[in-house]
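Chain residues, written in single-letter form:
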Amino acid sequence: MVEAVIVSTARSPIGRAFKGSLAAMRADELAVQMVRAALDRVPELDPRDVVDLMLGCGLPGGEQGWNMGRNVAVMLGHDHLPGTTVTRYCSSSLQTTRMAFHAIRAGDGDAYISAGVEAVSRFGAGTSDEIPGHDVKSPRFANAEARTTARGLPGAPSWTDPREDGRIPDVYISMGQTAENVQQVLGMSRAEQDEFAVRSQNLAEAQIASGFWAREITPVTLADGTVVSKDDGPRAGVTLDAVAGLQPVFRADGTVTAGNACPLNDGAAAVVVMSDTKAKNLGLTPLARIVSTAVTALSPEIMGLGPVEAIPAALRSAGMSLEDIDLFEINEAFAVQALGSAQLLGIPIDKLNVNGGAIAVGHPFGMTGARITATLINSLQWHDRQFGVESMCVGGGMGMAMVLERLS
């Protein structure tokens, strides 16, 4: 059977939304630089042999509208290259990699570009309250606590399905409210969440110093010629006392704070995926093989637990078990959901996000899938491991996962 392999990756630094290093960059401009960089790393590949450019974007509208995938292809000077824009919110660019994987397995083509981008700074809102899915003040979230469901998970509170009494639930309720719902389901303490968040920051700080993160970052050149080469998010010297002093953001009596959740961000990433036969014919040594992927769904009110079903589904497809996996990268949308998902699955903490995660480096929605792919490959190389899993929860109540095997 033909295999799908990853031959190059490129990911931008991640900027803090509205006030960070990439705030002035349009999403398409960010994506163009990363797709160009990913292609430049495989000069043996003729761009005319690329079948499609598939771009993930969590919230495609405004400047991120008008089928940005095609716009990026034309901006690159590749008028011959088709382009499409795909949204699966937080996993949009894992979805585009899944599409490339399926197309190659089906024999529909030998080379694809999977990319992702989000420029939250350019939404035109100015505050997170105006970003879809983050409006904590909207009346439509008034019953968010009452709408919590665990769908059979341990510690679940009782609830009434809003579909049973004629109400239609808002699928894209506040992501912070869903994190508080997960906390109610799991009973995870504020201290556990803060400790995990501090771990993320401290690990990221240590790995910045070691050179790990610089290996995967492709610098971005701004319009004025300024070069950005570092993530804005990681903070040096983060302590538990400092994080423990922050106030809850979404509920007065809640546990989710700015310190144990990811920030809002800007960034882009790209992955070149091709068949193993094409890579061999070009004399390329692939970075990794895509072993399997999976997408699952659960109640939108507890979307943060998406990895709990997605990871086992991907492993079943691969004919593997948790014990076969050396490293796990679960997107840290919130400490409670990333750590909670790992605990429910029995993932050892020493295999989870071992270089820090999105609480430190950030989570530009459409970029995250491709960014974590780059990070997972980097981590497997850095720590000399073979198999890894990438996973994330997805707004709207879904989970996605991918199993990778390092090849070089």
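Predicted, not measured: the structure shown is a model, and the values here were computed from it. (Residues numbered from 1 in each chain as written. Predicted model: local features only at pLDDT ≥ 70, side-chain atom pairs only at ≥ 80, totals over all residues. Heavy atoms only, no water.)

Right, let's talk about the packing of aromatic side chains for a bit. Under the definition given, this model contains 4 aromatic pairs. Note on Tyr 89 and Phe 365: the rings are 5.3 Å apart at their centroids and 25 degrees apart in plane angle, and the pair reads as stacked. Of this pair, Tyr 89 sits in the loop between strand S4 (83–86) and helix H3 (92–105) while Phe 365 sits in the loop between helix H11 (358–361) and helix H12 (368–382); the two residues are 276 residues apart in sequence, bridging distant segments of the chain. Through a chain of ring-to-ring contacts, the aromatic side chains of Tyr 89, Tyr 172 and Phe 365 assemble into a single cluster. (Phe/Tyr/Trp six-rings, centres within 6.5 Å; stacked < 30°, edge-to-face > 60°. Helix = DSSP H or I, 4+ residues; strand = E, 2+ residues; numbered from the N terminus.)

In total, this model carries 11 salt bridges according to the counting rule given. Close ionic contact of Glu 63 with Arg 26 constitutes a salt bridge, the shortest N to O distance being 3.6 Å. You can see Glu 63 sitting in the loop between strand S3 (52–56) and helix H2 (68–75) and its partner Arg 26 sitting in the loop between strand S2 (15–16) and helix H1 (27–40), a full 37 residues away along the chain. With its nearest N and O atoms 2.7 Å apart, the salt bridge here joins Arg 190 to Asp 194. Note that Arg 190 and Asp 194 are positioned in helix H5 (residues 190–210) at a spacing of 4 residues, about one turn of the helix. Classification of Asp 194 by relative accessible area gives buried; the value is 1%. Three or more residues are tied together by salt bridges with common partners; here these are Glu 3, Arg 105, Arg 289 and Glu 405. (Salt bridge = Lys/Arg side-chain N within 4 Å of Asp/Glu carboxyl O. Buried < 20%, exposed > 50% of the residue type's maximum accessible area, 1.4 Å probe, protein only.)

What follows concerns helix H10 (residues 335–345). In terms of burial, H10 is a largely internal element, 9 of the 11 residues being buried. Buried residues of H10: Ala 335, Val 336, Gln 337, Ala 338, Leu 339, Gly 340, Ser 341, Ala 342 and Leu 345, and no others. Where the residues of H10 are buried, they touch helix H4 (175–186), H5, helix H9 (307–318), strand S10 (327–330), H11 and strand S11 (387–394). A positive phi of about 80 degrees marks Gly 346, the residue just after H10. (Contact = heavy atoms within 4.5 Å.)

This part takes up the nonpolar core. Grouped together as the largest cluster of nonpolar side chains are 83 residues, with contacts concentrated most on Ile 311 and Phe 334. Residue contacts for Phe 334: discarding those within four places in its chain leaves Met 175, Gly 176, Ala 179, Phe 250, Val 256, Asn 260, Ala 261, Met 303 and Ile 359. If you look at the next biggest cluster of nonpolar residues, it comprises 39 residues, including Val 7, Ala 27, Val 50 and Val 220. (Core = buried A, V, L, I, M, F, W, Y, C linked by side-chain atoms within 4.5 Å.)

Turning to the side chain of Glu 405, a few remarks are in order. Along the chain, Glu 405 turns up in strand S12 (residues 398–406). Within the local environment of Glu 405, its side chain forms a polar contact with the side chain of Gln 386, the two groups lying 2.8 Å apart. Setting aside residues no more than four positions away along its own chain, Glu 405 makes contact with Leu 287, Ala 288, Arg 289, Val 291, Gln 386 and Phe 387. (Polar contact = N/O pair within 3.5 Å; in protein donor to acceptor, adjacent residues only side chain to side chain.)

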